[in-house]
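For reference, the chains in residue letters:
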Amino acid sequence: MSTEESVELRDRIENFLARNFPQIAMHGGSAAIEAIDEGSGEVRIALGGACSGCGISPMTVQALENRMVAEFDEVTVVHASTGGGGFGGMDDDFSDVPF
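Cut-offs applied
- Residues numbered from 1 in each chain as written.
- Predicted model: local features only at pLDDT ≥ 70, side-chain atom pairs only at ≥ 80, totals over all residues.
- Heavy atoms only, no water.
- Helix = DSSP H or I, 4+ residues; strand = E, 2+ residues; numbered from the N terminus.
- Buried < 20%, exposed > 50% of the residue type's maximum accessible area, 1.4 Å probe, protein only.
- Contact = heavy atoms within 4.5 Å.
- Areas by Shrake-Rupley, 256 points an atom, 1.4 Å probe, with all protein chains shown as cover.
- Salt bridge = Lys/Arg side-chain N within 4 Å of Asp/Glu carboxyl O.

Participant: If you had to explain the overall build of the protein to someone new, which residues and values would you point to?
Facilitator: Within the protein one finds three helices and four strands. The helix and strand sequence of the protein, counted from the amino end, reads α-α-β-β-α-β-β. The 99 residues of the protein split such that 36% are buried. Summarising the internal contacts of the protein: among those between residues at least 6 apart in sequence, 52% fall at separations of at least 24. When the accessible surface of the protein is summed, it comes to about 5,400 Å², and 51% of that surface belongs to carbon and sulfur atoms.

And the structure:
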């Protein structure tokens, strides 16, 4: 994947987050792309702000992971976590939550 394609994928993912998960920002949270591994198709997303410690963040993480893999052919797996990554919250990884 070229640098131009990488930038285009990052832009598409950012638009996806804003379009599909407006409630994150509306509730005082944030979603940021931490990393995109073009070779493996892995994407890391950090949820911060009010998402840290939120009781429904595991469901948000699961929905985000499922929808992103379904929407982007070049994305094979998404790892999302709340807090950490400079957002000042807990560093829980909910990528294995079964719901």
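Having seen the model, we can carry on.
Participant: If you had to explain the pattern of salt bridges to someone new, which residues and values would you point to?
Facilitator: When charged atoms on two side chains of opposite charge get close, those side chains can pair. Applying the stated criterion across every chain yields a total of three salt bridges. Two residues, Arg-19 and Glu-71, come together in a salt bridge whose shortest N-O distance is 2.5 Å. Of this pair, Arg-19 sits in helix H1 (residues 3-20) while Glu-71 sits in helix H3 (residues 57-71), and the two are 52 residues apart along the sequence.

Shape is all these values report; function is a separate question.
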